[in-house]
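The primary structure of each chain is shown beneath.
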Amino acid sequence: MNEQKLSERLERVAAHVPAGARLADIGSDHAYLLVALMKRGLIETAVAGEVALTPFNAAQRTVRGNGLSQRISVRLANGLAAIEPADGITAISLCGMGGETIRDILDRDKARLSGKERLILQPNGGEQPLRHWLMENGYRILGEEVLRENRFNYEIIVAERSGPVLYTAQELYFGPLQLQARSPAFLVKWQRLLRLKQRTLSHFTQARQAVPEEKVQELTQQVGWISELFAQEGEALKG
Ligand SMILES: C[S@@+](CC[C@H](N)C(=O)[O-])C[C@H]1O[C@@H](n2cnc3c(N)ncnc32)[C@H](O)[C@@H]1O
């Protein structure tokens, strides 16, 4: 992967960035996403935020190497601290981090969000707590995707602040739109997870050391929800 050829995962993220956006990519690493979008003429201006020095230097190299220093600011900063009000940011991407990390980044500096930005989030796991944060903070989920690349499942969540929104526990777990759409990639992901969780649950019951009851209950509930999902799928196919 490089700024000429994005991974399928980042291509799908790119597809959710509105044309003409003023985009902040937090945790930008090499800044491939921003440079690719800028070279395609799809974004107006951009900020690449990085907390660590090595990826920050890599982002600077990519941006300079492509002659884009006037259009893309590369900043060494923790999370949303990379964004200044004068940037007039209209979209923020946070990709390739755990869902809890993305949630914590958003929560730490909520005051820096104008509430008008589109959030394009690509968590690696931890989607449920991230959706929970979105709901608690009045963000409606407008787009969701599951995709599989290099034997990993990735999710993309697109959200905008809309005012109060309420999702059920299952919607927070599976994703409200994915639960409706039930794409092949979504079903494959949950089939795989069901097998994994059933195996873990049976290890728990055989374990010599006591597993906290809370953990067993949580896993049992998840296995129940996923089984229910496939039972409904079976019914739909029969019906
Ligand atoms: C696995 S990389 C993902 C890079 C790129 N976004 C992608 O999806 O391919 C995660 C990056 O996020 C950065 N990061 C982690 N926490 C951060 C924070 N609080 N603020 C800014 N960057 C952060 C890391 O330094 C790392 O470069």
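Residues numbered from 1 in each chain as written. Predicted model: local features only at pLDDT ≥ 70, side-chain atom pairs only at ≥ 80, totals over all residues. Heavy atoms only, no water.

Chemist: What is the right way to look at the packing of aromatic side chains in this model?
Modeler: One pair of aromatic rings is described through two measures. These are the centre distance and the angle between the planes. The full count for this structure, using the stated rule, is eight aromatic pairs. Taking the centre distance of 5.4 Å and the plane angle of 55° together, the rings of Y173 and W225 count as tilted. With Y173 in helix α6 (residues 169-174) and W225 in helix α9 (residues 213-238), the pair connects residues that are 52 residues apart, well separated along the chain. Both residues of the pair, Y173 and W225, belong to the buried class. Three or more aromatic residues joined by ring pairs form one cluster here, namely Y173, F174, F186, W190 and W225. Its guanidinium or amino end placed over the ring of Y154, R9 lies 5.6 Å from that ring's centre, counting from NZ or CZ. (Phe/Tyr/Trp six-rings, centres within 6.5 Å; stacked < 30°, edge-to-face > 60°. Helix = DSSP H or I, 4+ residues; strand = E, 2+ residues; numbered from the N terminus. Buried < 20%, exposed > 50% of the residue type's maximum accessible area, 1.4 Å probe, protein only. Lys NZ or Arg CZ within 6 Å of the ring centre and 35° of its normal.)

Chemist: Which parts of the structure should I look at to understand the environment of G115?
Modeler: Among the structural elements, G115 can be located in the loop between α4 (99-108) and β5 (118-123). Its relative accessible area of 15% is what places G115 among the buried residues. Expressed as a C-alpha distance, the spacing of G115 and T62, which sit 53 residues apart in the sequence, is 30 Å. Apart from residues no more than four positions distant in its own chain, G115 is found in contact with Y139 and R161. (Contact = heavy atoms within 4.5 Å.)

Chemist: Just to check I follow, could you spell out the domain arrangement of the protein for this structure?
Modeler: Size of an interface, as often reported, equals the accessible area lost when the parts are brought together. By the assigned domains, the protein splits into domain 1 (8-167) and domain 2 (184-238). For domain 1 and domain 2, the distance between their C-alpha centres works out to 31 Å. Counting each side, the surface lost to burial between domain 1 and domain 2 is near 500 Å², with a carbon and sulfur contribution of 49%. Broken down residue by residue, the surface that domain 1 buries against domain 2 is led by V146, R148 and N153, which jointly contribute 68%. Note that E155 is salt-bridged to K189, the shortest N-O span being 2.6 Å. (Domains from an automatic or database assignment. Buried area = accessible area lost by both parts, 1.4 Å probe. Salt bridge = Lys/Arg side-chain N within 4 Å of Asp/Glu carboxyl O.)

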